[in-house]
Amino acid sequence: MILLLAWRNLWRNKARSFITMASVFFAVLLATSTRSLNEGTYDQMIENVAGMHTGYLQVQQVDYWDDKVLENTFVSEENLLRRIREIPGIDALAPRLESFVLVSTGNTTTPSLVVGIDPVSEQALTGLANNLVSGTYLQAGASDVLLAQGLAERLGLSPGDSLVLLGQGFRAASAAGLFRVGGIVRFGSPDLNDRMVYLTLETAQNLFAAEGRLTSLVIKPRDGRDVAKILETLRAGVGEEFRVLDWQEMLPGLVQAIAFDRAGGIIFMGVLYLVIAFGIFGTLVMMTFERRQEFGVLLSIGMRRGRMATMVFLETIGLAGIGVLAGMGGSLPLVLWFSRNPIQLTGSWAEAYRDFGLEPVLHVSTDVSVFTGQGLVILLVAILLSLFPVYTTLRLNPLEAMKR
């Protein structure tokens, strides 16, 4: 009976109810769209850097991260690879040998990062061949190099040209070699696009006199949300001579940038929820004082205060609940459409994104928590605001209420 009365009371003043529901609807729509865009941007930032280079997880020799020299490399053993591949949730595993060198052609010399890769494993890990803009991808046994587009443009190189790599190899050996440019790849991150040189793993090991040695085993999970679980399993299984790092440890600057931007988003959401709260509270105040005489009559004919307070509480939750469900339903197709059709930025906005190392494309997140989180927050706000009419009802004097 109480539930039926609450439902009927919602539609006694349709205009007021629709205005309140509409305010909640647009608030949820705006909040969900904003959070979806923010979280999608964060995911894209992580993918641009972690997904295209560092990986989400790396296994290294215990001292390598603090002192990145070839003396802190390790010899890959089949037993180690087998143990890692057996861990549930791992999608790809790629060996690497990395070191800094000078790249020289003609009168131009620039520092760069050389990465020795297994072409097949690297393709499964990062999809490197998908970024090819000219030339051909690395082939097993080939001695060609793959250059990042920004670096190639700075050096004035194209497929078929030659360059010299100069550096220091394992145990202070000299590392120098003449190589042919086989292909050019482009990255969404300008930082990667300006400094990457790829060789096959065997060629890189020969260049640095580090036969059979690796700087890291790079791991890609099937689901990015499983990183913490895989990290824990790896640390327990690889042994004390190795160190396992996740992308958050390898990219602290990116973590700080996301945390700072997310804090700004939370402040914006807080202001939005405050506006919603005032809108709902205004409706509740009007509803409570307009119906004082009705409440007085109901109390006079024997209705219990607890039941009346429950009825008012259910009316408040009904108003907010309908608005929340409508907002979630309205935001779902909008977010899904933008997930399939990302927003391409142009002009100064695109340049600003590139300056920060981001691809000038706005992606959205379709994570369920983005939708449910906003709805739950607004429902919680409605529950807290419902304490006012409930308190007023419980303290109501029937005689004074009916006189008015």
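Note that the structure is predicted; figures quoted are calculated from it, not measured.

Helices and strands together make up the secondary structure of the protein, namely 16 helices and 14 strands. For the protein, whose C-alpha radius of gyration is 30 Å, the value lies well above the compact-globule estimate of 22 Å for 404 residues. Counting only contacts in the protein whose residues sit at least 6 apart along the sequence, the fraction spanning at least 24 positions is 77%. Counting only carbon and sulfur atoms, one obtains 59% of the accessible surface of the protein, whose full area is about 19900 Å². A distance of 18 Å separates the average location of the 33 positive side-chain charges in the protein from that of its 37 negative side-chain charges.

Counting across every chain of the model gives nine salt bridges. The shortest N-O distance in the salt bridge between Arg-262 and Glu-39 comes to 3.0 Å. Of the two residues, Arg-262 sits in helix 10 (residues 252–290) while Glu-39 sits in helix 2 (residues 14–54), which places them 223 residues apart along the sequence. With a relative accessible area of 30%, Arg-262 lands in the partly exposed category. Among the residues examined, Glu-39 registers a relative accessible area of 18% and is labelled buried. In this structure, Glu-86 and Arg-82 form a salt bridge, with 3.3 Å as the shortest nitrogen-oxygen distance. A relative accessible area of 53% places Glu-86 in the exposed class. In the salt-bridge network here, residues are joined through shared partners; they are Arg-35, Glu-39 and Arg-262.

The next thing to look at is the side chain of Ser-386. Position of Ser-386 relative to the elements: it lies in the loop between helix 14 (368–385) and helix 15 (387–394). Look at Ser-386 and you get buried, because its relative accessible area is 0%. What Ser-386 contacts, discounting residues up to four positions off in sequence, is Leu-284, Phe-313 and Thr-316.

The next thing to look at is the nonpolar core. Of all hydrophobic cores here, the largest spans 55 residues; its most connected members are Ile-84, Leu-147, Leu-163, Leu-165, Phe-208, Leu-217 and Leu-234. Among the elements that line this core, the one with the most residues is strand 3 (residues 90–105), at five residues. In contact with Leu-165, other than residues within four places in its own chain, are Val-101, Leu-102, Val-103, Val-114, Ala-175, Ala-176, Gly-177, Phe-179, Leu-199 and Leu-207. With 25 residues, the next largest nonpolar core counts Tyr-273, Met-303, Met-308 and Leu-396 among its residues.

Moving on: the pairing of strand 3. Every regular strand shows the same layout, with side chains that alternate between the two sheet faces. In terms of residue burial, strand 3 counts as a mostly covered element, since 13 of its 16 residues are buried. Pairing of strand 3 with strand 11 (residues 216–221) involves six bridges; the strand directions are antiparallel. Within the sheet, the bridge partner assigned to Ile-90 lies in strand 11 and is Pro-221. Sheet topology note: the strand 3/strand 4 (residues 108–117) ladder contains 10 bridges and is antiparallel. When the bridges of strand 4 are listed, Ser-99 appears paired with Val-114. Connecting strand 3 to the next strand, strand 4, in antiparallel fashion are two residues, including Gly-106 with a positive phi near 60 degrees. Two strands pair when backbone bridges link them, and strand 3 and strand 7 (residues 162–168) are joined in this way by three bridges, in the antiparallel orientation. Its bridge partner lying in strand 7, Val-103 is registered against Leu-165.

Here the focus is the packing of aromatic side chains. Tallying each qualifying case throughout the model produces six aromatic pairs. Measuring from ring centre to ring centre gives 5.2 Å for Phe-74 and Phe-242, while their planes differ by 85 degrees; the resulting arrangement is edge-to-face. With Phe-74 in strand 2 (residues 74–75) and Phe-242 in strand 12 (residues 242–246), this pair connects stretches of sequence that are 168 residues apart. As far as burial versus exposure is concerned, Phe-74 and Phe-242 are alike and both buried. Taken together, the ring pairs connect Phe-281, Phe-289 and Phe-388 into an aromatic cluster. Positioned above the aromatic ring of Trp-65, the side-chain terminus of Lys-68 is 3.8 Å from the ring centre.

Quick look at helix 14 now. For helix 14, spanning 18 residues, the distance from its first C-alpha to its last is 26 Å, which sits close to the expected 26 Å at 1.5 Å a residue. What helix 14 keeps buried is the set Val-370, Phe-371, Gln-374, Gly-375, Ile-378, Val-381, Ala-382 and Leu-385. Along the axis of helix 14, the buried residues cluster in a sector spanning 120 degrees; they form a single face. When the buried face of helix 14 is taken as reference, the exposed residues oriented beyond 90 degrees from it are Val-368, Leu-376 and Leu-384. Buried residues along helix 14 sit against helix 2, helix 10, helix 12 (305–340) and helix 15.

Any empty space left between the atoms is revealed when a probe the size of a water molecule rolls over them. All told, the structure shown has three cavities of 30 Å³ or more when counted by the stated rule. Forming the walls of the largest cavity are Asn-9, Leu-10, Arg-16, Ser-17, Thr-283, Met-287 and Leu-319. Every element with two or more residues in the lining of the largest cavity is listed here: helix 1 (2–10), helix 2 and helix 10. Within the lining of the largest cavity, the residues separate by chemical class into three nonpolar, three polar and one charged.

The rules behind the values
- Residues numbered from 1 in each chain as written.
- Predicted model: local features only at pLDDT ≥ 70, side-chain atom pairs only at ≥ 80, totals over all residues.
- Heavy atoms only, no water.
- Helix = DSSP H or I, 4+ residues; strand = E, 2+ residues; numbered from the N terminus.
- Rg over C-alpha atoms; globule rule 2.2 N^0.38 Å.
- Contact = heavy atoms within 4.5 Å.
- Areas by Shrake-Rupley, 256 points an atom, 1.4 Å probe, with all protein chains shown as cover.
- Lys, Arg positive; Asp, Glu negative; His and termini not counted.
- Charge placed at Lys NZ, Arg CZ, Asp CG, Glu CD.
- Salt bridge = Lys/Arg side-chain N within 4 Å of Asp/Glu carboxyl O.
- Buried < 20%, exposed > 50% of the residue type's maximum accessible area, 1.4 Å probe, protein only.
- Core = buried A, V, L, I, M, F, W, Y, C linked by side-chain atoms within 4.5 Å.
- Pairing = 2+ DSSP bridges.
- Phe/Tyr/Trp six-rings, centres within 6.5 Å; stacked < 30°, edge-to-face > 60°.
- Lys NZ or Arg CZ within 6 Å of the ring centre and 35° of its normal.
- Expected span 1.5 Å × (residues − 1).
- Arc of directions from axis to C-beta.
- 1 Å grid on protein atoms, 1.4 Å probe; cavity = no way out; pocket = protein on both sides within 12 Å on 5 of 7 lines; lining within 4 Å.
- Points joined across faces, edges and corners; volume = space filled by probe spheres on them.
- Nonpolar A, V, L, I, M, F, W, Y, C, P; charged D, E, K, R; others polar.

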